[in-house]
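Structure assessment
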Amino acid sequence: ALLRAANALLQQRRYRAALAVLKGFRNGAVYGAKIRAPHALVMTFLFKSGSLREKLKSIAQATYTHSRNLAYFVFTYKGLMALQSRLQGKKIPFHSFFAACIGGWLVFGENNPINSQIIMYLLSRVLFGLSRLAVEKGYVPQPKQDPFPLVAALIWGTVLWLFEYHRQTLQPSLQSSMTYLYDDSNVWHDISDFLVYNKRTDSK
């Protein structure tokens, strides 16, 4: 009976906007956990020191923060979208921008490692999206050749220059990855830390 009542409630059109906000919260929490948990697991065991308990705690905290923030953001965004649409009687493009700005300020405004990674992830995709939109709208002429090789060259050239000479400006996890690739590969003592391990774990 309880299940039937719940299903009947979900079919009520007048509650659809509110229910969509709640499901958005659910999807944000689930997606955030799915994305962050494997990433945190790999990065923690590759680059972080400490006991197993400390590593597991770090993974759980990162997963919780990402999941919570994404759930809060989706809830805020969809709630504001529904409110604006109800007040104005229709949906317009500015609603999306305004709702996301408010959500971004409230949820992702704190400068911490998780939020920083998410914002940088979005920034790269926003720049690509705006570039494509500029071509679609005719603000920028359609390239005669695929510009991706040039973009790739400039991105890699710039990030390695920053790493070699201004690495403090790069995000910590990127510094760790590049240190492993480009600095640690300059150091070895014998075959064990040349091929088997990255660094010696004993005092030989």
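Above: the structure in question.
The following refers to the structure shown. (Residues numbered from 1 in each chain as written. Predicted model: local features only at pLDDT ≥ 70, side-chain atom pairs only at ≥ 80, totals over all residues. Heavy atoms only, no water.)

**So, helix α5 (residues 113-136)**
Between its terminal C-alpha atoms α5 stretches 35 Å, which fits the 34 Å expected from 24 residues at 1.5 Å a residue. Among all positions in α5, only Ile114, Asn115, Gln117, Ile118 and Ala134 are buried. Contacts made by the buried residues of α5 are with α2 (16-47), α3 (52-88), α4 (93-108) and α7 (172-183). Two or three places before Ile114, at the opening of α5, Asn112 has a side-chain oxygen 3.2 Å from that residue's backbone nitrogen. Positive backbone phi, approximately 85°, marks Gly138, located one or two places after α5. (Helix = DSSP H or I, 4+ residues; strand = E, 2+ residues; numbered from the N terminus. Expected span 1.5 Å × (residues − 1). Buried < 20%, exposed > 50% of the residue type's maximum accessible area, 1.4 Å probe, protein only. Contact = heavy atoms within 4.5 Å. Polar contact = N/O pair within 3.5 Å; in protein donor to acceptor, adjacent residues only side chain to side chain.)

**Quick word on the nonpolar core**
One finds Ala40, Ile59, Ala62, Leu70, Phe73, Val107, Phe108, Ile114 and Ile118 forming the largest nonpolar core, which totals nine residues. Among the elements of the structure, α3, α4 and α5 are those that each provide at least two residues to this core. Element by element, the count of residues in this core is highest for α3, at four residues. Look past the residues within four positions of Ala62 in its chain and what remains in contact with it is Arg36, Ala40 and Ile114. Ranked by size, the runner-up nonpolar core spans five residues in total, among them Val159, Leu160, Leu170 and Met178. (Core = buried A, V, L, I, M, F, W, Y, C linked by side-chain atoms within 4.5 Å.)

**Considering the packing of α3 against α4**
The interhelical angle for the contact between α3 and α4, taken along N-to-C directions, is 145°, at an axis separation of 9 Å. α4 is crossed by α3, and the crossing has right-handed handedness. Counting all contacts with α3, which are made through Asn69, Leu70, Tyr72, Phe73, Thr76, Tyr77, Leu80, Met81, Gln84, Ser85 and Gln88, the residues of α4 involved are His95, Ser96, Phe98, Ala99, Ala100, Ile102, Gly103, Gly104, Val107 and Phe108. Residues of the contact of α3 with α4, tallied by class, amount to twelve nonpolar, nine polar and no charged. (Axes fitted to C-alpha atoms, helices over the stretch in contact; angles between N-to-C directions. Left-handed = near helix turned anticlockwise from the far one by under 90°. Nonpolar A, V, L, I, M, F, W, Y, C, P; charged D, E, K, R; others polar.)

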